[in-house]
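Chain by chain, the residues run as shown.
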Amino acid sequence: MSKTLVIGASGQLGIELVLALQAKHGVGSVHLADIRVPENEQVLKSHFLHLDATDEETMAKVLEEGRYVEVYQLAAMLSATSEKKPLAAWDLNMKSLLNVLEAGREGWIERVFWPSSIAVFGPGTPKKNVPQDALLDPSTVYGISKQSGEYWCRYYHEKFGVDVRSLRYPGLIGHRSNPGGGTTDYAVEIYDFAVQDLPYSCFLKADQALPMMFMDDAVRGTLELMAAPSDSIRVRTSYNFSGMSFSPAEVGESIRQHLPEFELEYAPDHRQEIASSWPESIDDIAAIHDWAWESRIDLSEMTKVMLEACRAKTIHTTS
């Protein structure tokens, strides 16, 4: 039986990917690893490994013995948290990736997925419709680690034939887990506040537009990328990956279409500086051309789904 391993399975993206992989391959075919035990009961139906992704010796043992067809290496410290702990962020983000790439070089893994981010762009990058080959100009520790990771991925593919694939994720919005210290976390938190009839104080400016994507689109796109024939994957750093772009004010207005009394305030903090360095929108024509990527969910549809899901979660928590 072919097996898939998700490292960093307790995170926002990890939980969603595990659920999708379970549905696609079966619970027994999916293994998960993290230093934290996932709280999702369905996720824990798969085999769980307590694993520090920076531990080279333990990682090598797990990956050599596991002989996984696919490994999704998601372990990372996100943007806002990385600015507070720069050396720890670099250590986690780089060591975890290199440990998996080395396993690929040894031939223990057939395919590797590693997420990059729009954080690789910066002040010198165009603000709108950023092309695939745009200047990478990161101004954060997280972005620097993602830029370096992209080049490591390309190096291991070109030098050792490792089939590693990557996407530059925009801000990801989902409802099955709490956000984990990113600059776009407001777009998750805001829905929880809205369904509880609480005002929300946003840490970004009202008009700060950023690339975003609903989690269902992100997971579907990730699995489509991994299922594509190797010879169709022409970008071995990381693909631009686009869903929608919006500002906090636009999210607030979409919520008011359902909850007219919702109050949204603004108190920009240190995360605003990070957001200001990122583009407002990106061009993902390479992904569209190479593996037929197509986003499906817009802001209006996402808001409807998020409000319903957050309302159901609130009822379950208080009952």
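In case you missed it, the structure is sitting above this.
What comes next is a walk through the structure. (Residues numbered from 1 in each chain as written. Predicted model: local features only at pLDDT ≥ 70, side-chain atom pairs only at ≥ 80, totals over all residues. Heavy atoms only, no water.)

Among the secondary structure elements, Thr303 is positioned in helix α11 (residues 299-318). The buried category is assigned to Thr303, whose relative accessible area is 0%. Side chain to side chain, Thr303 and Tyr191 meet in a polar contact 2.8 Å long. Leaving out residues up to four positions away in the same chain, Thr303 has contacts with Tyr191, Ser254, Ile255 and His258. (Helix = DSSP H or I, 4+ residues; strand = E, 2+ residues; numbered from the N terminus. Buried < 20%, exposed > 50% of the residue type's maximum accessible area, 1.4 Å probe, protein only. Polar contact = N/O pair within 3.5 Å; in protein donor to acceptor, adjacent residues only side chain to side chain. Contact = heavy atoms within 4.5 Å.)

A separate point is the nonpolar core. Counting 40 residues, the largest nonpolar core has Ile173, Tyr186, Tyr191, Phe246 and Met302 as the members making the most contacts within it. Looking at this core, the elements with two or more residues in it are α6 (186-195), β8 (200-202), β9 (210-214), β11 (244-246), α8 (248-256), α9 (270-276) and α11. No other element matches α6, which puts seven residues into this core. Once you skip the residues sitting within four places of it in the chain, Met302 turns out to touch Ile173, Tyr191, Phe214, Met244, Phe246 and Ile297. Counting residues in hydrophobic clusters, the runner-up holds 33 residues, among them Val30, Leu32, Leu167 and Leu225. (Core = buried A, V, L, I, M, F, W, Y, C linked by side-chain atoms within 4.5 Å.)

Every α-helix winds through 3.6 residues per turn, so residues three or four apart in the chain are directed the same way. With 20 residues, helix α5 (residues 141-160) extends 28 Å between its outermost C-alpha atoms, agreeing within 8% with the 28 Å of an ideal straight helix rising 1.5 Å per residue. Within α5 the residues assigned to the buried category are Val141, Tyr142, Gly143, Ser145, Lys146, Gln147, Ser148, Gly149, Glu150, Cys153 and Tyr156. In the core, the buried residues of α5 are packed alongside α3 (79-84), α4 (86-105), β5 (111-117) and β6 (164-169). One or two residues past the end of α5 sits Gly161, with phi positive at roughly 75°. (Expected span 1.5 Å × (residues − 1).)

Quick look at helix α2 (residues 56-66) now. Every buried residue belonging to α2 is among Met59, Val62, Leu63 and Gly66, and all of these are buried. Angularly, the buried residues of α2 cover 90° about the axis, an arc narrow enough to put them on a single face. Opposite the buried face of α2, at more than 90 degrees from it, the exposed residues are Glu56, Glu57 and Glu65. For α2, the elements touching its buried residues are β1 (4-7), β3 (47-50), β4 (70-73) and α4. Residue Asp55 occupies the N-cap position of α2, its side-chain oxygen lying 3.3 Å from the main-chain nitrogen of Glu57. Positioned one or two residues after α2, Arg67 has a phi angle of 50°, which is positive. (Arc of directions from axis to C-beta.)

From the geometry alone we can't say anything about function, so treat these as descriptive.
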